[in-house]
Amino acid sequence: MKRYVYINDSDTSPDLYRDNRISNRKYTIINFVPKNLYEQFSRFMNKYFLLIACLQLWSLITPVNPASTWGPLIFIFAVSATKEAWDDYNRYISDKQANEKNVWVVKKGIKTRIQAQDIRVGDIVWLRENDEVPCDLVLLGTSESQGVCFLETAALDGETDLKTRVIPPPCAGLTPDLLHKIKGVIECPCPDKDIRRFDANLRLFPPFIDNDLCPLTIKNTLLQSCYLRNTEWACGVAVYTGNETKLGMTRGLPEPKLTAVDAMIDKLTGAIFLFQLVVVVILGVAGNVWKSSEARKKWYVQYPKEGPWYDFIVIPLRFELLCSIMIPISIKVSLDLVKSLYAKFIDWDLHMYDEKSDTPAHAAKRCCINGVCYGNESGDALKVMAICNTVVPIKSASGSISYKSQSQDEDALVNAASCLHMVLTSKTGNFLDMNFNGLVLRYEILDTLEFTSDRKCMSVVVRDCQNGRIMLLSKGADEAIFPCISSEQQVRPVVEAVEHFAQLGLRTLCLAWRDLKEDEYRDWSIMYKEASSSLIDREWKVAEVCQQLEHNLELLGATAIEDRLQDGVPETIETLRKAGINFWMLTGDKQNTAIQIALLCNFISPEPEGQLLLIQGKNLDEVSRSLERVLLTMRISSTEHKDVAFIVDGWTLEIILKHHYEAFTDLAMLSRTAICCRVTPSQKAQLVELLKACDYRTLAIGDGGNDVRMIQEAHIGVGISGREGLQAARAADFSIGKFRFLKRLILVHGRYSYNRTAFLSQYSFYKSLLICFIQIFFSFVSGVSGTSLFNSFSLMAYNVFYTSVPVLMSVLDKDLSERTVMQHPQILFYCQAGRLLNPSTFAGWFGRSLFHAAVVFLVTIHAYSNEKSEMEELSMVALSGCIWLQAFVITLETNSFTILQHAAIWGNLIAFYVINFIVSTIPWAGMYTIMFRVCKQPAYWLTMLAIIILGMGPITALKYFRYTYRSSAINILQQLERSQPNTHSNPNLEAPIKNMEREVSPLSVTHPKSSKASVYEPLLCESPSTKRAAGVAAFDFLQASPSRLSIIYSRSKNN
């Protein structure tokens, strides 16, 4: 599909396309209520609770006032709807500000000032310096005589360096007056979200040019939300407007990732739902049997002799309503709330704050030219370094020159050439000037053969203005340049130098050139222009034409750039390895460079502690044999305590993924470490997908735009914000300033969040099951009739007020200090094994709720069996027993107390009595004077004491026995912390840590799918909408499906 944009001609270009009104709103005033309700009821549990609430409107079957369910349901929905409305209102305000911004446009040759929302496709938009681009434009003119302007694209792609944009050649030399009258048509594709591509054609109408077709690329565009810098004015024609801009196409809420805890909670909820159905069926049948055999014999039970045809389902439905509280209605809102609090804890963590938002580029470290370091006399290699790039020289008022570049490598090369007296002084349009040892050189750039991840090289065709000579200058990876070198040239010295540089851990580039004849260039230029004008497969066609020119090159030399590691990278990798986390390094570097970097950052161990296996081959058979040998070796060595890793390059990997996917999957499951070098962004994403298929929980971390696909594919995406921009950080689930912060993100915030969420989710089920089991026990003394022991107000307040506040304070709980957690990363094994949230631990909470329900019910019934008490009094005593028990349960399960936690636990208990005293003064509330009467009775307080002793005694004794005589490593660490709080390290910790490793080591050994143990793994989750350098938005460190955590570490330029 194509779009034809008629420039400055509203009559010829009818209103086919949308205006420039931006709308990121999810709702409108009219559709908010129905759309929000539809979204909320799209969840199964919400449908379930709505069904229960509707059944309670049937007076024949409801055991309580419908308000007991409708109240909490409306409250929960109101909270969710309010949050959605607030978020949407903020989006509306942001849209309104953007839409009402004033801009200058030319319509029918007249320059007028309008609001940005009124821009139409085909209008010519005028921008001044520092103006924001209101829509996607094709650049037509600038204040610079060279036809260039400078653009800041940080808001679009996160890259901080200025980009150069150029006007199409047909528009060169047009004055502002002519630009007001310009006419033409742009043939472009339909809107898409690829911000790095724009394949279009421009044709200006006479008298401007005689219908000549001109190809357009992304370098001829100004995209929405970018800013015009260092340019007095620029103008362009609107081609995409409103939500059809490239930025608009990428907007929208990110698809949420299902967390491992959410998955486990869904499974547990399903199990409780099935259990509830079984209970309902059993009690329903028992109730109907008692009703038909015993009930009619009782004079006080007034059942009719003959009921309606549906009479047999009345009692089961009453029990369904009674048992519906088994599933806590507030659990989702509670989890969403604590996730937001976890995000704030990360934001507030000063240990993860990095004052330096970027890392300075490092200059070229080595340079080999014709086998000799630092050059030849003619400076040919230095010319390639200075010319073949996208660097923009900026001259200050003092005359000094600085460089703006999209690539740190190019910045380093140009600065290195400058140090060797080949100084790039200016770029004006298609011309550039250099100063070489005082000699001014001028070149015209005829064509630029841009770098792509597939070509792995960049070339420019230039004309020497001194003598008219046409040259092709190329730079790129050795694997891309060496095959293009003339067969007559001796390249061994440079090849050896490249290998030597790689062994030093330096990143290498090769430099080459050749002369072009005028006829050769003319013929090739026609083909290149034809390929560049294609709207279908343009990139592939251009690459094919480039290959026809990049041959018989003369190799000039090679450069090597030192890529220093960030501080703390080796220590971070070593620490996370101790936590049982596997690492894969995916990089575009050469094999030797990747190996040296891996050794420097403790990624692999040197001989004899470690062994590196190489997978290589020139064809399918060789690759197959090599993979088979490595797989066999890995299987043999899996029983040995040796650090075995494998390395594979991108070309070999492509063959393996195509022909030996299953074998490579087996290898991935056996290996703890892997190095994949010379891989493309798409291959990085493929490897993450492969590891996910192996039941691994994957965490991908990177800092460059080429890491985005990998980060988005992983379960957990972590972006490092740095010199390469914020693209990776913005695409990620989490953003950090330095790689070393990953250690704290996982070990401290991740572990605490997992522990807290595991407790909160299971406790939510516990408190709901407790009140439900009491209702079930009461049914056995009430003729299995489905009568509720508790009144409607008590049931409603129980879930919403009485039990919610204390448990939310669990977000402040810490079982171990941060210092201990960082010193002993092995304790993460317990999270990886899912020791705090799994069917076994849930069964424990299930049993505790059943036991406590039995204690509360039996003690209450026994204490008041001889009292002349009303049922409301009995209900209040049982409810009070539940509240007292839960206060002590939370106290027992809390590891560290703060003032807020004490206030929440005991203040909530006091609030329970205050609320009920107030309600007891209301005659129509159904509890009139109840609280006053029961609190005056000594039996009430003796009953509370008996419930606490009988309910908490066995639980406390069991916990004490486990803590003292069956201590886990975490228990021992807790004891040592309390006995020696100021001790930073203790030799007595070695034994428990080793015991812990032996205890959970089977969980951390990789096995094939068929033999892997069913363990549960941690997961970082939730794509945030906003991020900061100090840490980012909502996440859990949660329990995963059977798997282990693997980190895919993208070796990028400033890591």
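Definitions and limits used
- Residues numbered from 1 in each chain as written.
- Predicted model: local features only at pLDDT ≥ 70, side-chain atom pairs only at ≥ 80, totals over all residues.
- Heavy atoms only, no water.
- Helix = DSSP H or I, 4+ residues; strand = E, 2+ residues; numbered from the N terminus.
- Contact = heavy atoms within 4.5 Å.
- Areas by Shrake-Rupley, 256 points an atom, 1.4 Å probe, with all protein chains shown as cover.
- Expected span 1.5 Å × (residues − 1).
- Buried < 20%, exposed > 50% of the residue type's maximum accessible area, 1.4 Å probe, protein only.
- Salt bridge = Lys/Arg side-chain N within 4 Å of Asp/Glu carboxyl O.
- Pairing = 2+ DSSP bridges.
- Axes fitted to C-alpha atoms, helices over the stretch in contact; angles between N-to-C directions.
- Lys, Arg positive; Asp, Glu negative; His and termini not counted.
- Polar contact = N/O pair within 3.5 Å; in protein donor to acceptor, adjacent residues only side chain to side chain.
- Parallel < 35°, antiparallel > 145°, perpendicular 65-115°, else oblique.
- Nonpolar A, V, L, I, M, F, W, Y, C, P; charged D, E, K, R; others polar.
- Patch = residues over 30% accessible without salt bridge, like charges linked within 9 Å, V, L, I, M, F, W, Y side chains within 5 Å.

Can you help me understand the overall build of the protein chain in this one?
Helix and strand content of the protein chain: 35 helices and 36 strands. In the protein chain, of all internal contacts separated by at least 6 residues, the share reaching a separation of at least 24 is 74%. As displayed, the protein chain has an accessible area near 46,100 Å², and 57% of this comes from carbon and sulfur atoms.

Help me out: how do you make sense of helix 33 (residues 938-965) in this one?
The periodicity of an α-helix, 3.6 residues per turn, causes residues three or four positions apart to be oriented the same way. In this model, helix 33 (28 residues) spans 39 Å end to end at C-alpha, consistent with the 40 Å of a helix rising 1.5 Å per residue. Every buried residue of helix 33 is accounted for by Tyr 940, Thr 943, Met 944, Ile 947, Ile 948, Gly 951, Met 952 and Ile 955. Turning to helix 33, the residues buried within the fold contact helix 29 (839-863), helix 30 (871-893), helix 31 (899-919) and helix 32 (930-936).

For this particular structure, what's the right way to read unusual backbone geometry?
Trans is the common state for peptide bonds, and a negative phi is the common state for residues other than glycine. Its identity as a non-glycine residue notwithstanding, Asp 537 has a phi of 55°, on the positive side. By the secondary structure assignment, Asp 537 is in the loop between helix 14 (518-532) and helix 15 (538-549). In this model, Thr 929 sits at a positive phi of 65°, which is unusual for a non-glycine residue. As for its placement among the helices and strands, Thr 929 is situated in the loop between helix 31 and helix 32.

Before we go on, may I ask you to explain the pattern of salt bridges in this structure?
Charged atoms that come close allow side chains of opposite charge to pair. Per the stated rule, a full pass over the model turns up 36 salt bridges. For Glu 520, the salt bridge goes to Arg 514, with nearest N and O atoms at 2.7 Å. Residue classification places Arg 514 among the buried positions, given a relative accessible area of 11%. For Glu 818, the salt bridge identified is with Lys 814, shortest N-O distance 3.3 Å.

Quick question: what am I supposed to make of the sheet that holds strand 9 (residues 200-204) here?
Within a sheet, each strand pairs with its neighbour through backbone hydrogen bonds, oriented either parallel or antiparallel. Ordered by their spatial adjacency, 4 strands build an open sheet running 1-8-9-10, and the pairing between neighbours is antiparallel. In this open sheet, the two edge strands, each paired with only one partner strand, are strand 1 (2-7) and strand 10 (213-216). On average, each strand axis in the sheet is inclined to that of its neighbour by 20°, with strand direction left out of account.

For this particular structure, what's the right way to read the side chain of Lys 743?
The residue Lys 743 is located in helix 24 (residues 741-779) in this model. It turns out Lys 743 is buried and unbridged, and the closest side chain with the opposite charge, Glu 571, is 7.0 Å from it. Sequence-distant contacts of Lys 743, that is, excluding residues within four places in its chain, are made with Thr 572, Thr 575, Leu 576, Val 748 and Met 822.

Just to check I follow, could you spell out the sheet that holds strand 11 (residues 221-222) for this structure?
Spatially, 6 strands are ordered 3-2-4-13-5-11 in an open sheet, and the strand pairing comes out antiparallel. Of all strands in the sheet, those bounded by a partner on one side alone are strand 3 (110-115) and strand 11. The pairing of strand 2 (residues 102-107) with strand 3 spans 6 bridges and is classified as antiparallel. The residue bridging Trp 104 from the neighbouring strand is Arg 113, located in strand 3.

I would appreciate a short explanation of the side chain of Thr 860 in the present structure.
Secondary-structure assignment places Thr 860 in helix 29. Residue classification places Thr 860 among the buried residues on the basis of a relative accessible area of 2%. A distance of 2.6 Å separates the side chain of Thr 860 from the backbone oxygen of Val 856, its partner in a polar contact. Those residues in contact with Thr 860, other than ones at most four positions away along the chain, are Leu 874, Val 877, Ala 878, Thr 943 and Ile 947.

How do you make sense of the packing of helix 14 against helix 15 when you look at a structure like this?
For any two helices packed against each other, one specifies the crossing angle of their axes together with the interaxial distance. Interhelical geometry of helix 14 versus helix 15 gives an angle of 170° and a closest axis separation of 8 Å. Here helix 14 lies roughly antiparallel to helix 15, going by the angle between them. From helix 14, Glu 520, Trp 524, Met 527, Tyr 528, Ala 531 and Ser 532 reach across to helix 15, where they touch Arg 538, Lys 541, Val 542, Val 545, Cys 546, Gln 548 and Leu 549. In the contact of helix 14 with helix 15, the residues fall into 8 nonpolar, 2 polar and 3 charged.

Please clarify how a nonpolar patch on the surface should be interpreted in this entry.
A grouping of Leu 958, Tyr 960, Phe 961 and Tyr 965 is seen on the molecular surface, where their side chains present a nonpolar patch of about 480 Å² in accessible area. Judged by relative accessible area, Phe 961 falls into the partly exposed class, the value being 42%.

Limitation: the analysis is restricted to geometry and does not speak to function.
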